[in-house]
Amino acid sequence: MLAQVVTGLINTTMDVVPVVLVIGLFQLAYFRRGIEAPERVFPGLMFVVIGLYMFVEGLSIGLFPMGETLAAQFSSPEHIHWVYAFAFLLGYATTMAEPALIAVAMKAEEITSGGIRQRPLRAAVALGVAIGLAVGVFRIVRGDPLQWYIIAGYVAVMIQTRYAPREIIALAYDSGGVTTGTITVPLVAALGIGLATNIPGRNPIIDGFGLIAFASLFPMITVMGYATLARYWARRGTRPAGPQT
Amino acid sequence: MLFEVVRDILPVVLVVTFFQLAILRQPFPNLSGVLGGMVLVVIGLFLFTQGLRLGLFPLGEAMAFQFARRGNVWWLLVFAFTIGYATTVAEPSLLAVANRAAQISGGRLTQFAVRSVVAFGVGVAITLGVMRIILGHPIQYYIIGGYLLIVVVTHFAPQEIIGLAYDSGGVTTSTVTVPLIAALGVGLASSIKGRSPLIDGFGLIAFASLVPILTVMLYGIWVY
């Protein structure tokens, strides 16, 4: 038990060690001064390490095993009619709790002084993951080639980029990268593998990966879509402004 | 603050409970485990967000401000590459992917080589992304151009490597790296005249999940 905790903590610490080494090296050798406010930064880094460790441990004690069993059950022929609702809601719910997304949304709220609020932004990303997973499940059930869906998605992203408010584009692209994180990936992979195993002629590796690709594509579409709508509402003056500055 | 975190976790708990009790009509298999786990998750996420404010965000910003004050672009780019490479090469989830790659390739790809190639890709990505912030170019040209390039390279890449390459795009940006490079990008964009933190500051994460896909496929073409 204790040994397990120690190895777990060491693994999480390994995420922070390179950051500290590289930054420390540049501080001392290039800038020739120590890290600013070490009495805040070092406890902060410790909070990040211990917090992430507790987060992942907590998930793997109760929620992951149950989520994986559920994913396997809803991909079996008996409950297959529920699988879309399950994929949609699971995608939304796990993304709302994704730590890396919380970090990016906090940063966006901070620099726009609340012009972009973090919860609606995360909800837009989560809705994207939800739609992405539902569409991805639909593709696995139908057995369509993955690339057509992905290419269509990127064409949609290109068209939207043309019309979306300039301020949101980089943030929308980043939100595609942060959805494939600590909590979403294990459950999504379980769902993809369950489906691929239960439906004859599907490949667990390709189909499991395919779902994750959908989960990082659709948030770009929903975030840009939400920003475009928010601008439209703001111009009509019927609703308060969304992520505009 | 703790209430905020509970609100973040609540949807997952509700979804799992709903499907377990209402649809499958099965009891919780391990109720005390689930409850204990949830307490850990809430405290963990709370500590994490506090740690971001105290540690990772200020660290990324401080680096950005110091480099902007020095005005030496070359050292900034060296730093960008190093931070991208170093945070990725030791990343545990990349280790798992690299081990699998070594197995399925029958030793043609070594675990160490895969890790280096992915980490090199992230290093290049952060360097390119930082250059874009300095130059103030619109991000879409880079990202859309990058995806078109991926489509072309996929065509020539050996079949065995494609899945691995696409997977490596997802595992590169760990939960520790994301806040740091977000703070670095936003900090740079706010301290360079004429750049907007929102338009120019974000985007480094998008670069970091794109470039490794390319470097891994190119490596695959070279090996096979």
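Residues numbered from 1 in each chain as written. Chains lettered and ligands numbered in written order. Predicted model: local features only at pLDDT ≥ 70, side-chain atom pairs only at ≥ 80, totals over all residues.

Caption draft 1: Highlighting the overall build of chain B. Looking only at helices and strands, chain B has ten helices and zero strands in total. Listing every helix and strand of chain B by position from the N terminus yields α-α-α-α-α-α-α-α-α-α. Across the 224 residues of chain B, 54% fall into the buried class. The contacts of chain B with a sequence gap of at least 6 include a subset with a gap of at least 24, amounting to 81%. (Helix = DSSP H or I, 4+ residues; strand = E, 2+ residues; numbered from the N terminus. Buried ≥ 20, exposed ≤ 12 C-beta atoms within 10 Å, placed from the backbone. Contact = placed C-beta atoms within 7 Å.)

Caption draft 2: Examining the overall build of chain A more closely. Counting secondary structure elements, chain A contains nine helices and zero strands. Secondary structure elements in chain A, listed N-terminal to C-terminal, are α-α-α-α-α-α-α-α-α. With the principal axes as the frame, chain A shows a C-alpha extent of 60 × 60 × 30 Å. Within the span of chain A, comprising 245 residues, buried residues form 51% of the whole. Looking at chain A alone, contacts between residues at least 24 apart form 77% of all its contacts between residues at least 6 apart.

Caption draft 3: Looking closely at the interface of chain B and chain A. Between chain B and chain A, the residue contacts involve 73 residues of the former and 78 residues of the latter. Elements that contribute at least two residues to the side of chain B that touches chain A include exactly helix 1 (2-23), helix 2 (31-70), helix 3 (73-89), helix 6 (139-156), helix 7 (159-171), helix 8 (177-191), helix 9 (197-201) and helix 10 (204-223) of chain B.

Caption draft 4: Representation of helix 10 of chain B in the model. The end-to-end C-alpha separation of helix 10 of chain B is 29 Å, in line with the 28 Å expected for 20 residues at 1.5 Å each. Of all 20 residues in helix 10 of chain B, 16 are buried; the element is thus mostly enclosed. (Expected span 1.5 Å × (residues − 1).)

Caption draft 5: Geometry of the nonpolar core. Core analysis: the biggest nonpolar cluster contains 163 residues, and Val48, Leu133 and Val223 of chain A together with Ile126 of chain B have the highest contact counts within it. Element by element, the count of residues in this core is highest for helix 2 of chain B, at 17 residues. Beyond its immediate chain neighbours, meaning those up to four positions away, Val223 of chain A contacts Ala124, Val125, Gly128, Ile168, Leu171, Ala172 and Ser175 of chain A. (Core = buried A, V, L, I, M, F, W, Y, C linked by C-beta atoms within 7 Å.)

Caption draft 6: Focus on the packing of helix 1 of chain B against helix 2 of chain B. Residues and elements named next belong to chain B. For the pair helix 1 and helix 2, the least separation of the axes is 9 Å and the interaxial angle reads 135°. One way to sum up the angle between helix 1 and helix 2 is to call them oblique. By crossing handedness, the relation of helix 1 to helix 2 is classed as right-handed. Contacts from Leu2, Val5, Val6, Asp8, Ile9 and Val13 in helix 1 reach Met38, Val41, Val42, Leu45 and Phe46 in helix 2. Across the contact of helix 1 with helix 2, the residue classes tally to ten nonpolar, no polar and one charged. (Axes fitted to C-alpha atoms, helices over the stretch in contact; angles between N-to-C directions. Parallel < 35°, antiparallel > 145°, perpendicular 65-115°, else oblique. Left-handed = near helix turned anticlockwise from the far one by under 90°. Nonpolar A, V, L, I, M, F, W, Y, C, P; charged D, E, K, R; others polar.)

Caption draft 7: Quick peek at the domain arrangement of chain A. When its domains are assigned, chain A resolves into domain 1 (1-58) and domain 2 (75-236). Using C-alpha coordinates to define each centre, domain 1 of chain A is positioned 30 Å away from domain 2 of chain A. (Domains from an automatic or database assignment.)

Caption draft 8: Expanded view of the environment of Tyr166 of chain B. Inspection of the secondary structure assignment puts Tyr166 of chain B in helix 7. A sequence separation of 61 residues divides Tyr166 of chain B from Ser105 of chain B, and the C-alpha atoms of the two residues are 16 Å apart.

Caption draft 9: How the structure looks around helix 8 (residues 184-198) of chain A. All names here are of chain A. Here helix 8 is 15 residues long and its end C-alpha atoms lie 21 Å apart, about the 21 Å a rise of 1.5 Å per residue gives. The buried fraction of helix 8 is high, at eleven of 15 residues. Thr184, Val185, Leu187, Val188, Ala190, Leu191, Gly192, Ile193, Gly194, Leu195 and Ala196 are the residues of helix 8 that are buried.

Caption draft 10: Quick peek at the environment of Val176 of chain B. Examined against the element boundaries, Val176 of chain B turns out to sit in the loop between helix 7 and helix 8. On a C-alpha basis, the gap between Val176 of chain B and Leu56 of chain B in space is 8.0 Å, while along the polypeptide they are 120 residues apart. Discounting residues that sit within four places of it in the chain, Val176 of chain B has contacts with Asp15, Val16, Val19 and Val48 of chain A.

Caption draft 11: Representation of unusual backbone geometry. Residues and elements named next belong to chain A. The residue Ala37 is not glycine, and still its phi comes out positive at about 45°. Looking at the secondary structure, you find Ala37 in the loop between helix 1 (2-31) and helix 2 (38-74). A residue is classified by how many C-beta atoms lie within 10 Å of it, and Ala37, with 14 of them, is partly exposed. One non-glycine residue, Ser113, lies in the positive phi region at around 45°. Its location among the elements puts Ser113 in the loop between helix 4 (99-111) and helix 5 (118-142). Judged by C-beta crowding, with 8 C-beta atoms within 10 Å, Ser113 ranks as exposed.

Caption draft 12: How the structure looks around the confidence of the model for chain B. Averaged over every residue, the pLDDT of chain B is 90; residues scoring 70 or more account for 100%. Within chain B, the element-level pLDDT minimum falls on helix 7 of chain B, averaging 77, and the maximum on helix 5 (residues 111-135) of chain B, averaging 95. (pLDDT = per-residue confidence, 0-100.)

Caption draft 13: Main features of the environment of Ile183 of chain A. Residue and element names in this part refer to chain A. Here Ile183 is to be found in the loop between helix 7 (169-178) and helix 8. C-alpha separation for the pair Ile183 and Pro165, spaced 18 residues apart in sequence, amounts to 30 Å. Excluding its chain neighbours within four sequence positions, the residues that come into contact with Ile183 are Leu59, Thr94, Ala97 and Glu98.

Caption draft 14: Highlighting the domain arrangement of chain B. Annotation of chain B at the domain level lists domain 1 (1-55) and domain 2 (71-223). Taking the mean C-alpha position of each, domain 1 of chain B and domain 2 of chain B sit 32 Å from one another.

Caption draft 15: Inspection of the packing of helix 2 of chain A against helix 1 of chain B at higher detail. Where helix 2 of chain A meets helix 1 of chain B, the axes come as close as 11 Å, and the angle between the chain directions of the two elements is 45°. Looking at the two axes, helix 2 of chain A sits oblique to helix 1 of chain B. In this structure, helix 2 of chain A meets helix 1 of chain B at a crossing whose hand is left-handed. Contact residues: Leu63, Met66, Gly67 and Leu70 of chain A in helix 2 of chain A; Val12, Val16, Phe19 and Gln20 of chain B in helix 1 of chain B. For the contact of helix 2 of chain A with helix 1 of chain B, a count of residues per class yields six nonpolar, two polar and no charged.

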